[in-house]
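The primary structure of each chain is shown beneath.
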Amino acid sequence: MVSERAAFERALAEAARGRGEVEPNPCVGAALARGDQIVGVGFHAAYGEAHAEAALLDAAGSLKGCVLYVTLEPCSHHGKTPPCADAVIAARPDRVVVLNEDPNPKVAGRGLARLREAGLETSLSTDEELRQRERDLNRRYHAHRARERAWVVAKWAMTLDGKIASRGGDSKWISSKASRQEVHRLRAHVDAVLIGAGTALQDDPRLTPRDVPIVRSPTRVVLDSHGRLPESAKLLQDIERFPLRIFTTERSCEDWRKRLEARGALLTVQPGVDRVDLEAVLVELRNQKLERVLLEGGSELLGSAFDAQLIDMVDAYVCPRLLGGQDAKTPWPGQGRETMAEALTLDDAQWRSFESDQRLRGFVKY
Ligand code: AOF
Ligand code: ZN
């Protein structure tokens, strides 16, 4: 017989494979045991994609005579995917063991209750050490649940001397083709892609995922305090597939708002401010179920997001080019930090290469 410990060791190792790809979702892993063998595993590999149980069940045959071990309670709600509890019930393993309940109020014990009501023998593990390892693995998930705003991934590509655009504002292209392709893949795994109006004017980007499988259709979001985005902007194309939301202030002209709305953009006016308040935007996005946001610049917006401690994860591409110059753009202008003791550090930082570039991905610790 595979021991509970051995099965969960494997399931936890599977769960950890999703780190960096699934946040703010939890890392979840599953293992299927029959007799003295683990006959199947699965994990939640990327935000918006299949949950661990679904990944395992897709690959497994009959579950008769099997025990299913899952690191987190199977979900009971319809999110981006159907409830895992229902899939487990349909597959009918002999027994289900889970490490911890899902703190998501939409689940919170209901997944386990559903399995029991369907007559499946279901239990929570009593191994405190294993249960604690699951909580440690998902401490960012728990912390995120306790707050109100969306999760923010900041992405930028910079030259070896740390510039994200030349002094003339040019940034096409700092990074390699492979890096840019990876960014398109990331756009397909977020709910929203966010930029400032300066970048929208300078680069005229579309912000859509291209030449990659579309898992989600991200909403494009522009912070445009003064109403500068022209009607000719490429962001106004493809608006049915990839919604466009613009946050502005009372300083933008009414006529401009009406014209963009007529083109299908969703306008939100923040009252009583001269500049759009990023934190309020992130709260609003989460209320709209846009949980995972990719912040793509520019320099000013990244800087104020760092100053305001609103960046959760960083994807920084370091590229073998140099631009030089005092006035070239950097990823954190604004106030910054005075001493090394106050410098931000990245947790779980990992390097990966994309052609000639290196990407550093890590979680920002405040
Ligand atoms: C599971 N198995 O592998 C994960 C679960 O946005 P969605 O639809 O992917 O749903 C995310 C929520 O689902 C997340 O907040 C948490 O409650 C649960 N995550 N549940 O049964 C999994 N990743
Ligand atoms: Zn699920």
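Below or above, wherever it landed, is the structure these notes cover.

Cut-offs used in this document
- Residues numbered from 1 in each chain as written.
- Chains lettered and ligands numbered in written order.
- Predicted model: local features only at pLDDT ≥ 70, side-chain atom pairs only at ≥ 80, totals over all residues.
- Heavy atoms only, no water.
- Donors = N, O, S within 2.8 Å, 3.2 Å for Na, K, Ca; no water.
- Helix = DSSP H or I, 4+ residues; strand = E, 2+ residues; numbered from the N terminus.
- Buried < 20%, exposed > 50% of the residue type's maximum accessible area, 1.4 Å probe, protein only.
- Pairing = 2+ DSSP bridges.
- Axes fitted to C-alpha atoms, helices over the stretch in contact; angles between N-to-C directions.
- Core = buried A, V, L, I, M, F, W, Y, C linked by side-chain atoms within 4.5 Å.
- Contact = heavy atoms within 4.5 Å.
- Salt bridge = Lys/Arg side-chain N within 4 Å of Asp/Glu carboxyl O.

**Overview of the coordination of the zinc ion (ligand 2)**
Note on the zinc ion (ligand 2): its protein donors are H51 (ND1), C75 (SG) and C84 (SG). The metal-donor distances range over 2.0 to 2.2 Å. We note that the donor set of the zinc ion (ligand 2) lies within a single chain, spaced as H-x23-C-x8-C. Here H51, found in the loop between β2 (37-43) and α2 (52-59), pairs with C84, found in helix α3 (residues 84-91); they are 33 residues apart in sequence, far enough to count as distant. Here C84 falls in the buried class, since its relative accessible area comes to 2%.

**Focus: the sheet that holds strand β1 (residues 29-34)**
Here five strands make up an open sheet; going across it, the order is β2-β1-β3-β4-β5 and the pairing mixed. A single partner strand is all that each edge strand has here, and the edge strands are β2 and β5 (121-124). When the angles between neighbouring strand axes are averaged without regard to direction, this sheet yields 20°. Pairing between β1 and β2: six bridges, direction antiparallel.

**Thoughts on the pairing of strand β14 (residues 357-365)**
Counting buried residues along β14, seven of its nine residues qualify, which places the element largely inside the surrounding structure. Across eight bridges, the pairing between strand β13 (residues 345-354) and β14 is antiparallel. Following the sheet pairing, W351 is matched in β14 by L360.

**Remarks on the nonpolar core**
Inside soluble globular proteins, nonpolar side chains tend to come together where they are buried. Within the largest apolar cluster, 28 residues are counted, with the highest numbers of intra-cluster contacts made by W156, L194, L223, L278, L285 and I311. At the level of secondary structure, the elements contributing two or more residues to this core comprise β6 (151-159), β7 (192-196), β8 (219-223), α10 (278-287), β11 (292-295), α11 (299-307) and β12 (313-319). When near neighbours in sequence (up to four residues on either side) are disregarded, W156 contacts I164, L302, F306, V314, D315, A316, Y317 and P331. Residues W151, V153, L260 and L294 belong to the second largest nonpolar core, which totals 23 residues.

**Points about the pattern of salt bridges**
Pairing of side chains with opposite charge becomes possible as their charged atoms draw close. Taken as a whole and judged by the stated rule, the model has 35 salt bridges. Among the ionic pairs, K155 bridges to E296, the shortest N-O distance being 3.5 Å. Placement of the pair is K155 in strand β6 and E296 in the loop between β11 and α11, with a sequence separation of 141 residues. No difference in accessibility class separates K155 from E296, as the two residues are buried. Of the charged contacts, one joins D315 and R359 as a salt bridge, the two residues approaching to 3.8 Å between their closest N and O atoms. With a gap of 44 residues between them, D315 in strand β12 and R359 in strand β14 connect regions that are remote in the sequence. R359 shares its class with D315; the two are buried.

**Re the environment of L244**
Mapped onto the fold, L244 is located in strand β9 (residues 244-249). Linking L244 and R147, residues 97 residues apart in sequence, is a C-alpha distance of 25 Å.

**Focus on the environment of E117**
With respect to the helices and strands, E117 occurs in helix α4 (residues 110-117). Take E117: its relative accessible area is 68%, and that puts it in the exposed class. Separated by 235 residues in sequence, E117 and R352 have C-alpha atoms that sit 46 Å apart.

All we've got here are geometric facts, nothing functional implied.
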